[in-house]
Amino acid sequence: NAGVTQTPKFQVLKTGQSMTLQCAQDMNHEYMSWYRQDPGMGLRLIHYSVGAGITDQGEVPNGYNVSRSTTEDFPLRLLSAAPSQTSVYFCASSSLVIRDRSHEQYFGPGTRLTVT
Amino acid sequence: KNQVEQSPQSLIILEGKNCTLQCNYTVSPFSNLRWYKQDTGRGPVSLTIMTFSENTKSNGRYTATLDADTKQSSLHITASQLSDSASYICVVSVSGGYNKLIFGAGTRLAVHP
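Residues numbered from 1 in each chain as written. Chains lettered and ligands numbered in written order. Predicted model: local features only at pLDDT ≥ 70, side-chain atom pairs only at ≥ 80, totals over all residues. Heavy atoms only, no water.

Trainee: Help me understand the overall build of chain B, please; the structure alone is not making it clear to me.
Mentor: From N to C terminus, chain B includes 0 helices and 11 strands. Its helices and strands in sequence order give chain B the pattern β-β-β-β-β-β-β-β-β-β-β, from N to C terminus. Across its three principal directions, the C-alpha atoms of chain B cover 45 × 25 × 20 Å. Expressed as a percentage of the 113 residues in chain B, the buried residues total 44%. For chain B, restricting intrachain contacts to residue pairs at least 6 apart in sequence, the fraction spanning at least 24 positions comes to 56%. If you sum the accessible surface of chain B, you get close to 5,600 Å²; carbon and sulfur atoms cover 48% of it. Computing the positive centroid from 10 side-chain charges and the negative centroid from 7, chain B places the two 7 Å apart. (Helix = DSSP H or I, 4+ residues; strand = E, 2+ residues; numbered from the N terminus. Buried < 20%, exposed > 50% of the residue type's maximum accessible area, 1.4 Å probe, protein only. Contact = heavy atoms within 4.5 Å. Areas by Shrake-Rupley, 256 points an atom, 1.4 Å probe, with all protein chains shown as cover. Lys, Arg positive; Asp, Glu negative; His and termini not counted. Charge placed at Lys NZ, Arg CZ, Asp CG, Glu CD.)

Trainee: Can you walk me through the interface of chain A and chain B in this structure?
Mentor: Accessible area lost during the coming together of the parts is what is often quoted as the interface size. Contacts between the two partners involve 20 residues from chain A, matched on the other side by 17 residues from chain B. Counting the surface lost from both chain A and chain B, the interface buries some 1,400 Å², and carbon and sulfur atoms represent 56% of this. If you look at where chain A meets chain B, you find 0 salt bridges. Put simply, chain A and chain B have 3 residue pairs in polar contact (both at pLDDT 80 or more) between them. For the side of chain A that touches chain B, the elements supplying multiple residues, two or more each, are strand S4 (31–37), strand S5 (44–51) and strand S9 (87–94) of chain A. With 3 residues, the top contributor of residues to the side of chain A that touches chain B is S4(A). Of the residues contributing to the side of chain A that touches chain B, the split by class is 10 nonpolar, 8 polar and 2 charged. (Buried area = accessible area lost by both parts, 1.4 Å probe. Salt bridge = Lys/Arg side-chain N within 4 Å of Asp/Glu carboxyl O. Polar contact = N/O pair within 3.5 Å; in protein donor to acceptor, adjacent residues only side chain to side chain. Nonpolar A, V, L, I, M, F, W, Y, C, P; charged D, E, K, R; others polar.)

Trainee: Teacher, can you tell me more about the sheet that holds strand S7 (residues 64–66) of chain A here?
Mentor: Residues and elements named next belong to chain A. Read from one edge to the other, the open sheet built from 4 strands follows the order S1-S3-S8-S7, with strand pairing classed as antiparallel. With one partner strand each, in any of the chains shown, strand S1 (4–7) and S7 form the two edges of the open sheet. Put simply, the sheet's adjacent strands are angled 20 degrees from each other on average, direction ignored. As judged from the 3 bridges shared by S7 and strand S8 (residues 76–78), these two strands associate in the antiparallel manner. Residue pairing for S8: asparagine 65 is matched across the bridge by arginine 77. (Pairing = 2+ DSSP bridges. Axes fitted to C-alpha atoms, helices over the stretch in contact; angles between N-to-C directions.)

Trainee: Explain the pattern of salt bridges to me, please; I cannot follow it from the model alone.
Mentor: For side chains of opposite charge, pairing can occur when their charged atoms come near one another. Evaluated as defined, the whole model comprises 5 salt bridges over all chains. Residue A:Asp38 is joined to A:Arg44 by a salt bridge in which the shortest nitrogen-to-oxygen separation is 2.8 Å. Both residues of the pair, A:Asp38 and A:Arg44, count as buried. The salt bridge involving B:Glu54 is made with B:Lys57; its shortest N-O contact spans 3.3 Å. B:Lys57 gets classed as partly exposed once you look at its relative accessible area, which sits at 31%. Where salt bridges share partners, they join A:Arg36, A:Asp38 and A:Arg44 into one cluster.

Trainee: Just checking my understanding: could you explain the sheet that holds strand S7 (residues 62–67) of chain B for this structure?
Mentor: In sheet architecture, strand pairing relies on hydrogen bonds along the backbone and comes in two forms, parallel and antiparallel. All names here are of chain B. If you trace the 5 strands from one edge of the open sheet to the other, you get S1-S3-S8-S7-S6, paired in antiparallel fashion. Taken across any chain shown, the strands that pair with only one partner, and hence form the sheet edges, are strand S1 (3–7) and strand S6 (56–59). Neighbour-to-neighbour, the strand axes of this sheet turn through a mean angle of 15 degrees, independent of strand direction. Where S7 and strand S8 (residues 72–77) come together, 6 bridges link them in antiparallel fashion. Bridge assignment links threonine 65 to a residue of S8, and that residue is serine 74.

All we've got here are geometric facts, nothing functional implied.
Structure below.
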């Protein structure tokens, strides 16, 4: 049971390049989400998904796309990278089962992205 | 506006000493309050989760308190160890949405020998 995994761990992009951050979980969780963490600020929600084929925007969705074709995977795409997207990105997952009232979120190890 | 504020921003203590971190929130409707520990270069890991009816919860040397009337929470660390050096993040969950979480900016704790 690996939990939530993310790749790559580090990435440097030039302005205008595109890339996909990978996220996978092996806990059969319905809910998956992407956050970005910037210095001096709390984590901010980018996009989330409540199941395969269902995605929605979070607090800061501009410049990012997501899809959810399987329960396990939730990739985040940067279509045209900008310096403002320099950040640390975390993927998280949790169960939506009613009996799991806490809906504990499990975070991946993060991807540190630098856009020059 | 839903907000979570933490204090202090950073803290240095000596190994073996106790410390208390503070969290004030203005989140409505409230569902639960969580404390996470985030080691450098790692993702956050849950320490405690408290609902409206719980006013204290422990996890080993970590004890969290919640005062829902004043909308304040604290995290007390007893007999600190070098491995406690990390950021501690207070997170409040909003009721009614899909796991809508409001994150504080965190308190960075350094434990020195």
